[in-house]
Amino acid sequence: QVQLSESGGGLVQPGGSLTLSCVASGNISVVVLMGWYRQAPGKKREMVATSGARTHYADSVKDRFTISRDDAKKTVTLQMNNMKAEDTAVYYCYVDLWTKGAARSTDHWGQGTQVTVSS
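On a predicted model such as this, the values are computed, not experimentally measured, just so you know.

What counts and what doesn't
Residues numbered from 1 in each chain as written. Predicted model: local features only at pLDDT ≥ 70, side-chain atom pairs only at ≥ 80, totals over all residues. Heavy atoms only, no water. Helix = DSSP H or I, 4+ residues; strand = E, 2+ residues; numbered from the N terminus. Rg over C-alpha atoms; globule rule 2.2 N^0.38 Å. Buried < 20%, exposed > 50% of the residue type's maximum accessible area, 1.4 Å probe, protein only. Contact = heavy atoms within 4.5 Å. Areas by Shrake-Rupley, 256 points an atom, 1.4 Å probe, with all protein chains shown as cover. Lys, Arg positive; Asp, Glu negative; His and termini not counted. Charge placed at Lys NZ, Arg CZ, Asp CG, Glu CD. Pairing = 2+ DSSP bridges. Disulfide = S-S within 2.5 Å.

Chemist: Looking at this structure, how should I read the overall build of the chain?
Modeler: Counting its regular elements, the chain contains 0 helices and 11 strands. For the chain, the α and β elements follow one another from N to C terminus as β-β-β-β-β-β-β-β-β-β-β. Against the compact-globule benchmark of 14 Å for 119 residues, the chain has a radius of gyration of 14 Å, which places it among compact chains. Overall size of the chain, expressed as C-alpha extent along the three principal axes, is 50 × 25 × 25 Å. Within the chain, the proportion of its 119 residues that are buried is 39%. A separation of at least 24 residues holds for 57% of the contacts in the chain among residues at least 6 apart in sequence. Put simply, the chain shows about 6,500 Å² of open surface, and 46% of that area lies on carbon and sulfur atoms. Here the chain contributes 13 positive and 10 negative side-chain charges, whose respective centroids are spaced 3 Å apart.

Chemist: Looking at this structure, I do not really get the environment of Arg54. What am I missing?
Modeler: Summarising the element assignment, Arg54 is placed in the loop between strand E5 (46-51) and strand E6 (55-57). A relative accessible area of 65% means that Arg54 is categorised as exposed. Sequence spacing of Arg54 and Leu33 is 21 residues, and the spatial spacing of their C-alpha atoms is 9.3 Å.

Chemist: Any chance you could explain the pairing of E5 here in plain terms?
Modeler: Each regular strand carries side chains that alternate between the two faces of the sheet. Sheet topology note: the strand E4 (residues 28-39)/E5 ladder contains 5 bridges and is antiparallel. Counterpart to Arg38 in the pairing with E5 is Glu46. Between E4 and E5, which pair antiparallel in sequence order, lie 6 residues; one of them, Gly42, sits at a positive phi of approximately 75°. Here E5 folds back onto E6 in antiparallel fashion, the turn holding 3 residues.

Chemist: What's the story with the state of the cysteines in this structure? I'm lost.
Modeler: Simply put, the disulfide is a covalent bond whose two ends are the sulfur atoms of two cysteines. Taken as a whole, this structure holds 1 disulfide when the rule is applied. Put simply, Cys22 and Cys93 are joined by a disulfide, and their sulfur atoms are 2.1 Å apart. Across the disulfide from Cys22 to Cys93, rotation about the S-S bond amounts to roughly -80°, and the bridge is consequently left-handed. Linking Cys22 in strand E3 (residues 18-26) with Cys93 in strand E9 (residues 89-99), this pair joins segments that are 71 residues apart in sequence. Per residue, the accessibility class of Cys22 equals that of Cys93, and both read buried.

Laid out in structure tokens, this is it:
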């Protein structure tokens with residue numbers, strides 16, 4: 001059993017900053033990749049940033065968002081700066097990991113946290 005616990009969502013003004021955190025817990029052997037996705041109303045879920053062998057960012061958040069992970073704590077953080085109204089969405093933590101004794105890695109999603117950018 002694997003659980004992802006997200007925190008840090010909320011309301012922020014345009015140009016402001018917000019930090020999201022996600023902690024993975026449970027029967028975890030190895031974390032392959034950790035990241036964040038988001039889904040705005042009426043839109044498909046999209047990748048925001050991922051941290052695996054390499055780090056990837058959506059073009060829309062480059063130079064504004066920073067992803068970091070702590071494998072010892074099984075935590076991934078998304079620092080969001082200079083936020084814009086179009087960043088408003090539900091943000092989901094995503095982790096690809098191996099559980100102990102598993103034959104392959106599995107995908108896991110957090111419950112989502114609302115981020116609203118508005119004056």
